[in-house]
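Below are the chains, spelled out letter by letter.
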Amino acid sequence: MTERPVTPKMKNRDAKGSDRPRVGGPRQIADLMPQIGAAAFRKFGFVQSSIVTRWAEIVGAHYADISAPESIRFPVGKKAEGTLQLTVMSGYAPMIQHVLPDIIERVNRFFGYAAVAKIAMRQGEVRATPGERRPPPRNLKPVPVELGDSLRGIGDPELRAVLESLAQGLVNSSGLPKIT
């Protein structure tokens, strides 16, 4: 088998590529979500995907648990005074109906202009949003009794909490800290 000779252009490109720093490092999926889902969200009537992803921030956690935005339909040729289609869990529609003006105000404040003029509700199943997941704490050793007893005499609760966390950190560390 014969090998192709490397052209001068290829040699130059390889040499420049190895010296050049990488542009655009790794990014989180959450940062890419608006670009990835923009076309799909627009197809279903959403100008911005953030109304779906940030629904709990817009209307509050209580209303976000029982409602979800489905689409925004604008009049022909306009991008304002649209109708927000909202899915509400069964049994909560009368309660949501009383706070519709507040929801319209919050959505318009989020967009920065009068994007929504009215809301059309339909009853349906709303998927529960997963709670914030935090990693479990690492294996903690209990604070020695002699340290715990000596901290109980401190009157300021904030100072006592700080000193307890400092003692906990010293107990869980492996030896003295190294200063370099």
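Keep in mind that this is a model prediction, so the values were computed, not measured.

Caption draft 1: Summary view of the overall build of the chain. A count of helices and strands for the chain gives nine helices and three strands. Looking at the chain as a whole, 25% of its 180 residues are labelled buried. Within the chain, residue pairs in contact and separated by at least 24 positions form 61% of the contacts whose partners lie at least 6 positions apart. Accessible area of the chain: about 14,300 Å², with a carbon and sulfur share of 57%.

Caption draft 2: Representation of the pattern of salt bridges in the model. A full pass over the atoms with the stated rule returns five salt bridges. Its salt-bridge partner being R106, residue D102 comes within 3.2 Å of it at the nearest N-O pair. With D102 and R106 both in helix α7 (residues 100–111) and four residues apart, the pair spans about one turn of that helix. For D102, a relative accessible area of 30% corresponds to the partly exposed category. Using a relative accessible area of 27% as the deciding quantity, one classes R106 as partly exposed.

Caption draft 3: Region of the structure containing the sheet that holds strand β3 (residues 116–123). Ordered by their spatial adjacency, three strands build an open sheet running β1-β2-β3, and the pairing between neighbours is mixed. Looking at the sheet topology across the chains shown, the edges are occupied by β1 (67–73) and β3. The mean inter-strand angle of the sheet, taken between neighbouring strand axes irrespective of direction, is 25 degrees. Two elements, strand β2 (residues 82–88) and β3, share seven bridges in a ladder whose sense is parallel.

About the criteria used
Residues numbered from 1 in each chain as written. Predicted model: local features only at pLDDT ≥ 70, side-chain atom pairs only at ≥ 80, totals over all residues. Heavy atoms only, no water. Helix = DSSP H or I, 4+ residues; strand = E, 2+ residues; numbered from the N terminus. Buried < 20%, exposed > 50% of the residue type's maximum accessible area, 1.4 Å probe, protein only. Contact = heavy atoms within 4.5 Å. Areas by Shrake-Rupley, 256 points an atom, 1.4 Å probe, with all protein chains shown as cover. Salt bridge = Lys/Arg side-chain N within 4 Å of Asp/Glu carboxyl O. Pairing = 2+ DSSP bridges. Axes fitted to C-alpha atoms, helices over the stretch in contact; angles between N-to-C directions.

Structural measurements only, silent on function.
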